[in-house]
Number of protein chains: 2
Amino acid sequence: MQELSCGTSNIVGVRFAVYPMADDFVKIIKGALKETDTSKVWMETDDVTTCIRGRSEHVFDTAKAIFVHAAKTGTHVVFNGTFSVGCPGDSEGDSYMSEDSHRLNEQAVSGEKIDTAAHFSLYPMNNPDYMQVIADQVETAEKHGTFTKGVHYASRLDGDVSDVFTTLEEAFVRASETKNRAHVTMTAAISANSPSTKAK
Amino acid sequence: MQELSCGTSNIVGVRFAVYPMADDFVKIIKGALKETDTSKVWMETDDVTTCIRGRSEHVFDTAKAIFVHAAKTGTHVVFNGTFSVGCPGDSEGDSYMSEDSHRLNEQAVSGEKIDTAAHFSLYPMNNPDYMQVIADQVETAEKHGTFTKGVHYASRLDGDVSDVFTTLEEAFVRASETKNRAHVTMTAAISANSPSTKAK
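Now for a quick tour of the structure. (Residues numbered from 1 in each chain as written. Chains lettered and ligands numbered in written order. Predicted model: local features only at pLDDT ≥ 70, side-chain atom pairs only at ≥ 80, totals over all residues. Heavy atoms only, no water.)

Structural notes on a negative patch on the surface
A cluster of acidic residues, Asp23(A), Asp24(A), Asp23(B) and Asp24(B), forms a negative patch on the protein surface. Along the polypeptide, Asp24(A) turns up in the loop between β1 (12-20) and α1 (25-35). (Patch = residues over 30% accessible without salt bridge, like charges linked within 9 Å, V, L, I, M, F, W, Y side chains within 5 Å. Areas by Shrake-Rupley, 256 points an atom, 1.4 Å probe, with all protein chains shown as cover. Salt bridge = Lys/Arg side-chain N within 4 Å of Asp/Glu carboxyl O. Lys, Arg positive; Asp, Glu negative; His and termini not counted. Charge placed at Lys NZ, Arg CZ, Asp CG, Glu CD. Helix = DSSP H or I, 4+ residues; strand = E, 2+ residues; numbered from the N terminus.)

Overview of the relation of the copies chain B and chain A
Between the two copies of this chain, the relationship is a rotation about some axis together with a displacement along it. Superposition of chain B onto chain A requires a rotation of 180° combined with a translation of 0.0 Å along the rotation axis, giving an RMSD of 0.0 Å. Taken together, these values place the two copies in the relation of a two-fold axis. (Least-squares fit on C-alpha atoms with pLDDT ≥ 70 in both.)

Topic: the packing of helix α2 (residues 56-71) of chain B against helix α5 (residues 161-176) of chain B
Residues and elements named next belong to chain B. The geometry of α2 relative to α5 is characterised by a closest axis approach of 11 Å and an angle of 150° between their N-to-C directions. By the criterion of interaxial angle, the relationship of α2 to α5 is roughly antiparallel. For the crossing formed where α2 meets α5, the hand is right-handed. For the pair α2 and α5, contact is made by Ser-56, Glu-57, Phe-60, Ala-63, Lys-64, Phe-67 and Val-68 and by Val-161, Ser-162, Phe-165, Leu-168, Glu-169, Phe-172 and Val-173, respectively. Class assignment of the residues belonging to the contact of α2 with α5 gives a composition of 9 nonpolar, 2 polar and 3 charged. (Axes fitted to C-alpha atoms, helices over the stretch in contact; angles between N-to-C directions. Parallel < 35°, antiparallel > 145°, perpendicular 65-115°, else oblique. Left-handed = near helix turned anticlockwise from the far one by under 90°. Contact = heavy atoms within 4.5 Å. Nonpolar A, V, L, I, M, F, W, Y, C, P; charged D, E, K, R; others polar.)

Details of the interface of chain B and chain A
In this assembly, 68 residues from chain B lie in contact with 68 residues from chain A. Summed over both sides, the interface between chain B and chain A buries roughly 5,500 Å², with carbon and sulfur atoms accounting for 62% of that surface. One can count 4 salt bridges joining chain B with chain A. The salt bridge involving Asp47(B) is made with Arg156(A); its shortest N-O contact spans 2.8 Å. The interface formed by chain B and chain A contains 19 residue pairs in polar contact (both at pLDDT 80 or more). When its residues are assigned to classes, the side of chain B that touches chain A shows 35 nonpolar, 23 polar and 10 charged. (Buried area = accessible area lost by both parts, 1.4 Å probe. Polar contact = N/O pair within 3.5 Å; in protein donor to acceptor, adjacent residues only side chain to side chain.)

None of this, on its own, says anything about what the molecule does.
So this is what it looks like as structure tokens:
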């Protein structure tokens, strides 16, 4: 059950999928996974989504790398997932918390410049001040220069894939720091190579 | 900003996208939208996602219809989105709350039998008992016969698309009824025609 299947301690997780809008989507996904170093995270894939868990920096590093390797093909690709920290529950994968902080995929993907558009939403759980936590992290996004505007239920970011992921990571980490071991989740839909964008 | 762009009253919304994993994804999406009667909901699409808002039953009816019309093509299609109710904020679209409860798309899609697999998560906001609310709605899913198991951060459903959407709608509505005008969100990733499923 959901309440028995979350993480303990400060383990961060993301349940996501990368959707290449192309007939050869299997090849693109498998290629992206092959190019990504996943050795510092716990990872499990089923027929609906993939789950990555571990230290915050490695979860974001790995998720970003999989998306970048898929998007650099030029195909319209969307990353859609939910990041989570502080969920009460089990501890499977906690061994990955002892990894050092060096990001395994940073160098390989930092050279890829990919325009992206994203919608993200923060959900700080069990917190009467959650709307303020959200507003504060919109300010974080504004400082990064990626914040475009609010839309119903979400905030829109535009920019290079690295700037967008850096914004998401900082907003998520800062929101989780507002309370000791707070349970915070963040949804993010990140789109690259969309024909709708090109048409603008 | 996110906190100024949510709904008031009991208006329900969903921000989602339908991802056809095919070269002709634009044709599939446009075809699905054309076949869906959206006249009882407020709807806005940009290059990342689509937002639908209105009465709960019409939001679920419309979202399901768009997904079914895309998935009935046989293409591997995924619905990924977040439902929301009770978010403090503006009231744009409230006029749609006066529609009657007759579902405009039910008849057209009820004949389509499509096997689906889904991951969903409930996020009851500002509620110290939120884990219990989640556990109660896992029981709702079990009663529908669609609940398969818990996975990290989510619950898995399997079944015909109508049974899965009915489960999601009931879990969402019941979770929102636990507190007066509670703010509840629910993420859902629903997959049809996946080659990974067929390979099992």
